[in-house]
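Single-letter residue listing:
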Amino acid sequence: MAALSEYHAQRNSLIDADLSLRREYRNLHSRSSKELEADKIMRDIRALEAKTVWTADYPSIPHPFPGMEFLTGKSIIMKTKVFEILSKMPKGALLHAHLDATVDIDFLLQLALKQPGIHIRLHKPLSKSNLSTNLPEFRILPQEQYSQVKSISDPTYSLQTWVSLVNARNFFSQELGGMEGFDKWLIGTMTINPSEAYGTYNTLAKIWDKFGTVFQTSTNLFHIEPIFVEYVRQFFRSMIADGISYVEARINFTPKLMYGADGQLNVPHRTWLQIFERVMNEIREEMKQQSRGDDFIGARIIYSVVRSATPEELVWYLEDCITLKKEYPHLVAGFDLVGPENVLNPLIYYAEQLLRFQERQKEESLDIPFIFHAGETTGDGTEADSNLYDAILLGTKRIGHGYSLHRHPKLVEECRQKGIAVEVCPISNEILRLTSSMPMHPLPALLNYGVPVALCSDDPAVFGSMGLTYDFFQVFVASEITGLSTLGALARDSIEFSTLEKAEKERALGVFERRWSEFVEYIVVEYGAK
Ligand SMILES: O=c1[nH]cnc2c1ncn2[C@@H]1O[C@H](CO)[C@@H](O)[C@H]1O
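For the structure given in this document, a descriptive report is provided here.

Rules behind the numbers
- Residues numbered from 1 in each chain as written.
- Predicted model: local features only at pLDDT ≥ 70, side-chain atom pairs only at ≥ 80, totals over all residues.
- Heavy atoms only, no water.
- Core = buried A, V, L, I, M, F, W, Y, C linked by side-chain atoms within 4.5 Å.
- Buried < 20%, exposed > 50% of the residue type's maximum accessible area, 1.4 Å probe, protein only.
- Contact = heavy atoms within 4.5 Å.
- Helix = DSSP H or I, 4+ residues; strand = E, 2+ residues; numbered from the N terminus.
- Phe/Tyr/Trp six-rings, centres within 6.5 Å; stacked < 30°, edge-to-face > 60°.
- Lys NZ or Arg CZ within 6 Å of the ring centre and 35° of its normal.
- Pairing = 2+ DSSP bridges.
- Axes fitted to C-alpha atoms, helices over the stretch in contact; angles between N-to-C directions.
- Parallel < 35°, antiparallel > 145°, perpendicular 65-115°, else oblique.
- Left-handed = near helix turned anticlockwise from the far one by under 90°.
- Nonpolar A, V, L, I, M, F, W, Y, C, P; charged D, E, K, R; others polar.

## So, the nonpolar core
At step 1: Counting residues in hydrophobic clusters, the biggest one holds 165 residues, and the most contacted among them are Leu86, Ile120, Trp185, Ile192, Phe236, Phe335 and Leu354.
At step 2: In contact with Trp185, other than residues within four places in its own chain, are Ile120, Leu122, Leu126, Leu131, Asn134, Pro136, Ile152 and Phe172.

## A look at unusual backbone geometry
At step 1: Its identity is not glycine, yet Ser365 carries a phi of approximately 50°, on the positive side.
At step 2: Within the fold, Ser365 resides in the loop between helix H14 (351-364) and strand S10 (371-374).
At step 3: On the basis of relative accessibility, which here comes to 67%, the residue Ser365 falls in the exposed class.
At step 4: A positive phi angle, close to 70°, is found at Arg433, a residue other than glycine.

## Examining the packing of aromatic side chains
At step 1: According to the stated counting rule, one finds 29 aromatic pairs in the structure shown.
At step 2: Centre to centre, the rings of Phe228 and Trp272 are 6.3 Å apart; their planes meet at 50°, and the pair counts as tilted. Remark: Trp272 occurs in helix H12 (residues 269-289) and Phe228 occurs in helix H11 (residues 225-241); sequence separation between them is 44 residues.
At step 3: Owing to a relative accessible area of 0%, Phe228 belongs among the buried residues under this scheme.
At step 4: Summarising the aromatic geometry, the rings of Phe357 and Phe370 are spaced 5.7 Å apart at their centres and angled 40° between planes, so their arrangement reads as tilted. Remark: Phe370 occurs in the loop between H14 and S10 and Phe357 occurs in helix H14; sequence separation between them is 13 residues.
At step 5: For Phe357, a relative accessible area of 2% puts it in the buried group.
At step 6: Between Lys256 and the ring centre of Tyr317, over which it is positioned, the NZ or CZ distance is 5.7 Å.
At step 7: For the cation-ring pair, Arg492 lies above Trp516, with the distance from its terminal atom to the ring centre recorded as 5.5 Å.

## Some words on the sheet that holds strand S9 (residues 332-338)
At step 1: Strand order in the open sheet formed by four strands is S1-S5-S8-S9, with parallel pairing between adjacent strands. With one partner strand each, in any of the chains shown, strand S1 (92-98) and S9 form the two edges of the open sheet. Averaged over all neighbouring strand pairs, the angle between strand axes comes to 25°, with direction disregarded.
At step 2: Relative to S9, strand S8 (residues 298-306) runs parallel, the two being bridged by six bridges. Bridge pairing in S9 links Val305 to Leu337.
At step 3: Contacting S8 and S9, helix H13 (residues 311-327) crosses the sheet at an angle of about 165° to S8.

## Notes on the packing of helix H20 (residues 469-477) against helix H21 (residues 484-496)
At step 1: Close contact between H20 and H21 brings their axes to 10 Å; oriented N to C, the two are set at 140°. Between H20 and H21, the crossing angle belongs to the class labelled oblique. The chirality of how H20 crosses H21 is right-handed. Contact residues: Phe472, Val475 and Phe476 in H20; Leu484, Leu487, Leu490 and Ala491 in H21.
At step 2: Residue composition of the contact of H20 with H21, by class: seven nonpolar, no polar and no charged.

Quick look at the structure:
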């Protein structure tokens with residue numbers, strides 16, 4: 001028996017030693033007793049809901065489990081107390097989101113319908129069977145070109161003819177569902193649904209085919225100045241409503257111009273930045289009026305280009321980025337290349353231009369950090385995976401996704417030592433089929449090996465995962481170890497590893513700590529033993 005008790009003692013000490021290195025417990029000493037109490041409450045609710053909410057069969061969701069496929073499980077997630085509580089959590093900063101995929105598609109459609117001049121056309125005849133793959137094209141036309149054609153679904157519709165969006169909707173065939181069917185069709189072309197992610201396009205390569213068409217379709221609505229203005233406003237408002245207090249949004253600058261309200265393609269990048277800044281200031285003012293000035297620290301832009309550009313084209317964009325940085329130093333936070341890493345050009349393809357960009361910054365006394373997408377892949381040793389080497393060698397400030405990073409011991413060490421944070425996008429990774437569910441996601445490996453991590457939503461409009469609550473939810477329910485303190489650590493990292501200047505960062509962290517204490521207090525008061 002002495003041997004067994006000895007064994008238990010050794011076992012306990014091994015578990016303690018292991019846990020103490022895990023992110024959840026690393027700062028155990030600095031957690032308040034209130035936070036420990038709130039943490040216990042959250043764990044109890046999670047355990048209870050795992051046995052109740054997540055074991056019940058639902059008519060259309062036969063085998064639910066915590067951390068399951070988001071698009072299938074979303075309706076259950078929204079019923080949980082854990083979700084309700086996390087929706088009140090202060091989230092810190094949102095460091096990885098593609099601006100053109102951040103506002104509810106329903107809202108975007110409402111904006112488009114209110115805007116005179118927006119037209120739609122088709123390149124193939126519409127039928128019940130091809131609704132989901134028949135992609136519409138949108139354009140704002142100059143007034144003299146407004147169309148009198150009434151319907152795009154009528155058999156007499158002549159392909160490629162513009163129809164005003166309002167007419168196309170009002171006269172949408174009853175057989176295809178009338179106005180409701182019209183909205184459903186358009187929303188379907190700009191989002192991913194469960195049968196697409198988990199059926200038709202159930203691999204990373206296949207889902208990118210669908211994902212690509214989503215951007216192809218929505219881009220034409222997004223790149224219209226009067227819509228862009230209201231889109232940016234809604235982006236800020238909805239992020240703030242979810243407890244996000246600062247954002248670094250990736251804007252894809254690949255198109256050199258967007259359309260103006262006059263239907264001309266004449267709005268340059270400079271104006272995009274001016275709009276972003278103006279709306280940001282208006283939102284700041286709006287928040288101050290509501291005595292919530294601290295809830296919105298501000299926003300910056302990560303200048304992004306699609307990685308299909310030729311090296312010569314990239315040079316143009318890099319110079320454009322430098323020009324904009326000089327004029328709006330406080331707005332331009334960094335530079336990135338976007339698009340499918342498995343399909344388009346790897347970083348090494350642009351090494352010469354990217355190194356030259358660093359030289360140019362020295363010449364101009366500027367600092368535009370790289371904040372590269374890298375390793376958004378399940379591949380091991382592929383080009384997308386090898387982007388991690390180049391991202392780190394080129395001095396990336398953070399890594400977007402870094403999904404394959406945990407397999408590279410040297411790179412994990414580099415990230416830890418150099419303080420390179422990883423922007424982890426759990427729901428995006430699952431819907432884009434890198435992982436089949438959250439319990440299989442490598443996030444805990446990164447966190448527990450000491451890599452800083454900021455949780456991010458990537459393309460919430462496409463995934464229907466607005467804000468950050470859904471991503472925090474998926475992380476929280478996918479592990480027995482992860483508790484409130486890990487969630488807090490992720491939120492703090494998002495501020496700590498942002499590009500905010502020292503003083504702004506301190507303010508943001510100070511505000512966060514105040515909001516975090518209020519959140520902890522709320523959990524204890526609302527859900528603690530009464
Ligand atoms: O998860 C992602 N990885 C890489 N590129 C992405 C991801 N999500 C969106 N984009 C890219 O960003 C641009 C729109 O701003 C699109 O080119 C889209 O492909």
